[in-house]
Amino acid sequence: MEDLAFPMKVMERTKLFFKEVGDLSHFTGRFLKQALKPPFEFKELLRQCYQVGNRSLLLVMATGFIIGLVLTLQSRPTLIEFGAVSWMPNMVGISIVREIGPVITALICSGRIASGFGAELGSMRVTEQIDAMEVSGTNPFKYLVVTRIWAATLMLPLLVIFGDLIALYGSSLVENLKGDVSFRLYFNTVFDALSYGDLLPATIKSFFFGFVIGLTGCYKGYHSDKGTAGVGIAANTAVVMASLLLFVVDFIAVFVSDIFYEL
């Protein structure tokens, strides 16, 4: 019997995995079906955009500033050794805009947004507020889920842009203090190095990052287990699932953009 215990556990975990994938796919299809279907909850959407964007902005800006400082400070000695310190703005600018800025911002926001959505909707599920909305004739999915996913999808690219700009400012501050490079020269060099091939894929995948964060947070909260423990589990698993899916989406985005570069 002990020899069969491990295979049985593997089979059970595999079943739970595919069940989770199926439930998430059904939840995604339900969102896509109602996302552009009237009536639209514009007031709730604006409120959620404020919650997602304004309350995450300071955290994103602080994170971006530190990333710019650390990336420049760590890279500068190596570039000086090879006599390529003049390439610092090009390297930092392309690295931040293409990959580091969108991914780090999305991961930071997954902890802030996905957990918030999971805890909020989980609390409403536990206290039976969602059931009360269904009984009263209101569509809780459209009011609670669709607006939150749209808000995360629309606001994350803006947060990424702010995070990138602050990260570049932090990098330029180091270059100004250590390399005596003016801010104007630094940003002119960065913008000369960037192209649409750098900006467009990063912007497009930021929308998908926001969609994944909003989707997983709402999914876990909307299907939260009963009891106070279920709320904590929903918030925790929302962050874990969102972070994992962000890397999957990022890999797909880089793979697809690499194909277009080859073409």
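Residues numbered from 1 in each chain as written. Predicted model: local features only at pLDDT ≥ 70, side-chain atom pairs only at ≥ 80, totals over all residues. Heavy atoms only, no water.

(A) Examining the overall build of the chain more closely. Each helix and strand counted, the chain has eight helices and zero strands in total. For the chain, the N- to C-terminal ordering of α and β elements is α-α-α-α-α-α-α-α. In terms of its C-alpha atoms, the chain occupies a principal-axis envelope of roughly 65 × 55 × 40 Å. Each of the 263 residues in the chain was classed as buried or not, and the buried ones make up 42%. Restricting the contact set of the chain to residue pairs at least 6 apart, pairs at least 24 apart contribute 84%. Total accessible area on the chain is roughly 14800 Å²; 69% of this is exposed by carbon and sulfur atoms. Taken together, the 21 basic and 22 acidic charged side chains of the chain have centroids lying 8 Å from each other. (Helix = DSSP H or I, 4+ residues; strand = E, 2+ residues; numbered from the N terminus. Buried < 20%, exposed > 50% of the residue type's maximum accessible area, 1.4 Å probe, protein only. Contact = heavy atoms within 4.5 Å. Areas by Shrake-Rupley, 256 points an atom, 1.4 Å probe, with all protein chains shown as cover. Lys, Arg positive; Asp, Glu negative; His and termini not counted. Charge placed at Lys NZ, Arg CZ, Asp CG, Glu CD.)

(B) Examining the UniProt feature "transmembrane region" (unreviewed entry) in the chain more closely. Taking the numbering used here, the UniProt-annotated feature "transmembrane region" (unreviewed entry) corresponds to residues 56-73, 149-169, 199-219 and 231-256. Span residues 199-219 is 100% helix and 0% strand, its end C-alpha atoms 30 Å apart. (UniProt positions renumbered as here; feature names shortened; annotations may be inferred.)

(C) Highlighting the environment of Pro38. Locating Pro38 in the fold gives a position in the loop between helix H1 (2-34) and helix H2 (42-81). Expressed as a C-alpha distance, the spacing of Pro38 and Lys142, which sit 104 residues apart in the sequence, is 9.6 Å.

(D) Representation of helix H3 (residues 88-126) within the structure. The largest bend in H3 comes to about 55 degrees, at Ile96. Note on H3: the residue one or two positions beyond its end, Glu128, has a positive phi of about 65 degrees. (Bend = angle between axes of the 7 residues up to and from the residue.)

(E) Structural detail: the packing of H2 against helix H5 (residues 140-178). As a packed pair, H2 and H5 sit with axes 6 Å apart at the nearest point and diverge in direction by 25 degrees. Taken together, the axes of H2 and H5 are roughly parallel relative to one another. H2 and H5 meet at a crossing whose hand is right-handed. (Axes fitted to C-alpha atoms, helices over the stretch in contact; angles between N-to-C directions. Parallel < 35°, antiparallel > 145°, perpendicular 65-115°, else oblique. Left-handed = near helix turned anticlockwise from the far one by under 90°.)

(F) Here's a closer look at the packing of aromatic side chains. Per the counting criterion, the structure on display carries 13 aromatic pairs. Measuring from ring centre to ring centre gives 5.6 Å for Phe31 and Phe211, while their planes differ by 45 degrees; the resulting arrangement is tilted. With Phe31 in helix H1 and Phe211 in helix H7 (residues 196-222), the pair connects residues that are 180 residues apart, well separated along the chain. Through pairs of rings, three or more aromatic residues link up here, namely Phe27, Phe141, Tyr219 and Tyr222. (Phe/Tyr/Trp six-rings, centres within 6.5 Å; stacked < 30°, edge-to-face > 60°.)

(G) Summary view of the nonpolar core. Within the largest apolar cluster, 42 residues are counted, with the highest numbers of intra-cluster contacts made by Phe27, Val145, Ile149, Leu156 and Ile213. Elements supplying a minimum of two residues to this core: H1, H2, H3, helix H4 (129-135), H5, H7 and helix H8 (228-262). Considering each element in turn, this core owes the most residues, 11 residues, to H5. The contact partners of Ile213, leaving out residues within four places of it in the chain, are Ala106, Cys109, Ser110, Ile113, Ala114, Leu156, Ala242 and Leu246. Of all hydrophobic cores here, the second largest spans 14 residues; its members include Ala84, Met88, Val97 and Leu194. (Core = buried A, V, L, I, M, F, W, Y, C linked by side-chain atoms within 4.5 Å.)

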